[in-house]
Amino acid sequence: MAKKYRIHLSAEERDQLQAECRFSAKCGPMRFVSVRLMYKLLVLLAACFLDVAVAATPNILFIIADDASRHFGEAYGCSWVKTPNIDKLARSGLVFDNAYTPTSKCAPSRAAILTGRNPWQLEEAANHQPYFPSKFIAFSEVLVKAGINVGSEGKTWGPGEAKLADGTVRNFGLSGKDAKGNHNPGEALTAFLKAKQPEKPFFYWFGSHNPHRAYKPDSGIAAGKKPSDIHHVPAYWPDNETVRKDMLDYAVEVETYDSEVGSLIAALEASGDARNTLIIVTSDHGMPFPRVKGHTYDEAHHIPFIATWAEGIAQPGRRVADFISFIDLAPTFLELFGVDGAANGMSPITGQSFTDLLRNKPEKSRDFVVIGRERNDVLTRPGSPAGLGYPARGIREGTLLYIHNFAADRWPCGNPDTGFKDTDASPTKAWAEAAGESDPYWQHAFGKRPTEQLFDIASDPDCVKNLADDPTFTVKRQALHDKLMAELKRQNDPRVLGQGDVFDQYLSPRTKTEGKPKKAKKLKPLP
Ligand SMILES: [Ca+2]
């Protein structure tokens with residue numbers, strides 16, 4: 001059987017080649033192609049004759065957890081969560097130490113992945129459980145249009161409602177089944193690989209539902225784990241058995257995610273496509289515990305991120321210190337496939353491709369990322385007893401995290417008497433609620449915050465020591481404030497352009513069905 005070769009051409013090179021081919025068909029021999037393009041064509045020609053490999057367009061397998069912090073065993077030094085499959089990938093690829101999502105709730109985080117834009121650049125899609133505006137085209141839709149094999153299984157974008165301009169349901173080109181519960185995701189990947197067009201590369205998205213709550217109580221203990229296995233309980237939770245057991249139940253679900261990764265890798269290896277596939281293993285945001293998921297502290301946005309690609313990553317086994325954000329994924333994927341997003345209707349991408357990091361030849365400066373949140377809880381809306389959303393933005397640069405809370409008079413998780421719906425129900429949350437407002441852990445989880453917060457992640461990764469009023473940091477705090485605001489203005493963020501209230505005004509599909517917010521149950525204090 002004839003061997004097929006693929007060669008990566010930039011959009012500009014493809015346009016040039018097509019133009020030359022059209023010209024030469026009419027008028028005779030080719031006139032001119034760039035030296036770089038000619039070189040690529042000669043390499044491809046040589047490869048055809050010599051039967052050697054050329055740098056091919058890769059396939060991409062994108063694997064995303066739902067609510068996992070950086071608790072991948074060996075890869076991120078976490079002894080109480082065992083992730084042998086992910087660790088194996090980490091050893092043969094790259095571990096990113098400064099990967100961030102721009103926001104720490106499912107829907108807006110995934111919207112940033114799909115569009116390459118920050119949530120505050122996506123109108124309604126900045127919020128959790130929103131209507132997704134039809135005008136924002138996803139990279140995955142562009143790949144479908146370009147003829148790339150696109151497949152998926154599990155959770156993609158959501159929760160929320162996305163429709164095309166004509167009112168039909170929109171799946172962003174990711175039309176696979178949203179399988180839940182115990183299953184082998186490698187089976188769906190195998191079926192996809194068998195059915196795809198062989199001459200085209202593929203993009204496959206697997207969205208796990210782990211370790212999203214709910215958890216089976218004491219599943220960690222049942223799995224043989226011990227509360228004493230945990231080497232660090234964050235300073236913002238009480239170090240007690242309730243919290244440690246909750247963490248162990250979470251660990252079991254992270255380990256299930258690792259098994260899913262193993263199943264997918266086995267399927268990929270069996271297909272023969274493994275070596276030229278860029279595999280990314282990550283999570284949409286931090287763990288579903290008080291003060292993490294939905295919040296602006298480092299643990300919420302700082303995500304696990306591992307990339308392998310046997311034929312494409314230079315010097316594998318590296319750890320990457322550069323800052324990357326989820327908004328960098330769409331431009332990276334589009335570049336690798338040689339597809340032009342803008343020419344296919346995508347709004348301007350804010351992120352930047354990180355293929356130079358894969359080659360270990362950094363070309364761009366990546367010394368900071370911007371984060372933020374708008375309305376996370378659909379109960380918080382104008383006229384609701386829950387109050388309004390909690391607008392905040394932040395910047396991570398060097399070892400510092402600067403956070404600007406635009407409405408410090410509001411409650412970060414909704415009003416106390418409506419149950420702090422912005423924080424997922426859990427034993428840890430129940431403990432903090434029962435402890436009451438005078439308890440420091442209640443304050444960490446639910447209390448109001450000052451307008452400005454500044455944390456040194458190197459010495460205080462749990463973000464419990466606010467340095468904003470420390471005179472030693474006055475100059476740095478002001479510099480970070482100014483840089484953040486300038487960056488947000490550059491990105492046309494309504495929040496800094498005097499139109500931030502728009503985020504609270506947007507409707508949610510759940511607004512139609514959600515009844516009056518229930519009063520929180522009064523809980524007895526726990527030990
Ligand atoms: Ca999530």
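Notes on the structure follow. (Residues numbered from 1 in each chain as written. Predicted model: local features only at pLDDT ≥ 70, side-chain atom pairs only at ≥ 80, totals over all residues.)

Digging into the sheet that holds strand E3 (residues 99–100)
Here is step 1 of the chain: Pairing in this open sheet of three strands is mixed, and the strands run E9-E3-E12 from one edge to the other. This sheet does not close on itself; its edge strands, each paired only once, are strand E9 (302–303) and strand E12 (324–325).
Here is step 2 of the chain: As paired elements, E3 and E9 share two bridges and run antiparallel to each other. The partner of Tyr100 across the bridge, within E9, is His302. (Pairing = 2+ DSSP bridges. Helix = DSSP H or I, 4+ residues; strand = E, 2+ residues; numbered from the N terminus.)

Brief notes about the nonpolar core
Here is step 1 of the chain: With 124 residues, the main nonpolar core has Ile63, Phe139, Leu264, Ile306 and Phe333 as its most contacted residues.
Here is step 2 of the chain: Ranked by residue count, the leading element in this core is helix H8 (residues 241–271), at 13 residues.
Here is step 3 of the chain: Each of domain 1 (59–366) and domain 2 (371–513) contributes no fewer than three residues to this core.
Here is step 4 of the chain: Contacts of Phe333, omitting those with residues within four sequence positions, involve Ile60, Phe139 and Phe203. (Core = buried A, V, L, I, M, F, W, Y, C linked by C-beta atoms within 7 Å. Buried ≥ 20, exposed ≤ 12 C-beta atoms within 10 Å, placed from the backbone. Domains from an automatic or database assignment. Contact = placed C-beta atoms within 7 Å.)

Considerations on the packing of helix H6 (residues 185–195) against H8
Here is step 1 of the chain: One can describe the packing of H6 onto H8 by two numbers: an axis separation of 7 Å at closest approach and a directional angle of 30°. With respect to H8, the element H6 is oriented roughly parallel. Between H6 and H8 the crossing geometry is right-handed. From H6, Pro185, Gly186, Leu189, Thr190 and Leu193 reach across to H8, where they touch Glu260, Ser263, Leu264, Ala266, Ala267, Leu268, Ala270 and Ser271.
Here is step 2 of the chain: Taken together, the residues that form the contact of H6 with H8 break down as eight nonpolar, four polar and one charged. (Axes fitted to C-alpha atoms, helices over the stretch in contact; angles between N-to-C directions. Parallel < 35°, antiparallel > 145°, perpendicular 65-115°, else oblique. Left-handed = near helix turned anticlockwise from the far one by under 90°. Nonpolar A, V, L, I, M, F, W, Y, C, P; charged D, E, K, R; others polar.)

Things to note about unusual backbone geometry
Here is step 1 of the chain: Cis rather than trans, the peptide bond between Gly158 and Pro159 has omega equal to 0°.
Here is step 2 of the chain: The omega torsion across Arg213 and Ala214 is 15°, close enough to zero to call that bond cis.
Here is step 3 of the chain: Residue position: Ala214 is located in the loop between strand E7 (202–207) and helix H7 (219–222).
Here is step 4 of the chain: Even without being glycine, Gln129 reaches a positive phi, approximately 50°.
Here is step 5 of the chain: Residue placement: Gln129 occurs in the loop between helix H4 (106–115) and strand E4 (131–132).
Here is step 6 of the chain: For Gln129, a count of 21 C-beta atoms within 10 Å puts it in the buried group.
Here is step 7 of the chain: In the Ramachandran plot, Asp218 falls in the positive-phi region, its phi being about 65° despite a non-glycine side chain.

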